[in-house]
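A closer look at the structure
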Amino acid sequence: MGTKFDIKSEEKNIDKYLYLMVEDVLKSTSPFKQIERERIQASTINLRELRQSKNEKMTYKSNLESLLKQVNQNQSSIRQDIKAMEKQNYGLEHLSASTQQLLPTSEEG
């Protein structure tokens with residue numbers, strides 16, 4: 001178990017040193033690997049822009065999902081109101097039709 005821990009520890013150190021070496025090469029002004037440095041810098045800028053765009057789109061998506069949730073809640077509330085009104089007014093449609101048949105029309109009189 002100790003050997004695995006030592007290996008993992010050394011791998012972390014290697015990653016740290018590798019990162020520092022890459023940073024040193026990127027900061028260098030010598031003509032050595034100039035094209036690679038420029039590509040890495042361009043890729044870093046592109047990656048930053050893509051992350052920003054992704055964050056903006058995720059925020060927009062969250063806003064749309066929130067609005068959709070509100071619309072669904074409003075729809076559910078309206079449906080419940082309609083059902084309550086239907087229960088309150090059950091049978092009034094038939095009552096209204098039979099009442100109109102009983103009333104005399106002005107044409108007869």
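Not measured: the values here are computed from a predicted model.

Examining the overall build of the chain
Within the chain one finds three helices and zero strands. Counting all 109 residues of the chain, 2% fall into the buried class. When the accessible surface of the chain is split by element, carbon and sulfur atoms take 57% of a total near 10,800 Å².

Points about the pattern of salt bridges
The tally for this structure, following the rule as stated, stands at one salt bridge. As a salt-bridge pair, Lys-61 and Glu-65 come within 4.0 Å of each other at their nearest N and O atoms. With Lys-61 and Glu-65 both in helix α2 (residues 34–88) and four residues apart, this pair spans about one turn of that helix. Judged by its relative accessible area of 44%, Lys-61 falls in the partly exposed class. Among the residues examined, Glu-65 registers a relative accessible area of 46% and is labelled partly exposed.

Overview of the packing of aromatic side chains
Any two aromatic rings considered together are summarised by their centre-to-centre distance and by the angle between their planes. Applying the stated criterion across every chain, the model contains zero aromatic pairs. Above the face of the Tyr-17 ring, Lys-16 is positioned so that its terminal group lies 5.4 Å from the ring centre.

As for the confidence of the model for the chain
Mean pLDDT over the chain: 82, with 79% of residues reaching 70 or higher. Here helix α3 (residues 92–102) is the element of the chain with the lowest mean pLDDT, 61, and α2 is the one with the highest, 93.

Overview of the environment of Glu-36
When you line up the elements, Glu-36 lands in helix α2. Once the C-alpha coordinates of Glu-36 and Val-25 are considered, the two residues, 11 residues apart in sequence, prove to be 9.7 Å apart.

Definitions and cut-offs
- Residues numbered from 1 in each chain as written.
- Predicted model: local features only at pLDDT ≥ 70, side-chain atom pairs only at ≥ 80, totals over all residues.
- Heavy atoms only, no water.
- Helix = DSSP H or I, 4+ residues; strand = E, 2+ residues; numbered from the N terminus.
- Buried < 20%, exposed > 50% of the residue type's maximum accessible area, 1.4 Å probe, protein only.
- Areas by Shrake-Rupley, 256 points an atom, 1.4 Å probe, with all protein chains shown as cover.
- Salt bridge = Lys/Arg side-chain N within 4 Å of Asp/Glu carboxyl O.
- Phe/Tyr/Trp six-rings, centres within 6.5 Å; stacked < 30°, edge-to-face > 60°.
- Lys NZ or Arg CZ within 6 Å of the ring centre and 35° of its normal.
- pLDDT = per-residue confidence, 0-100.

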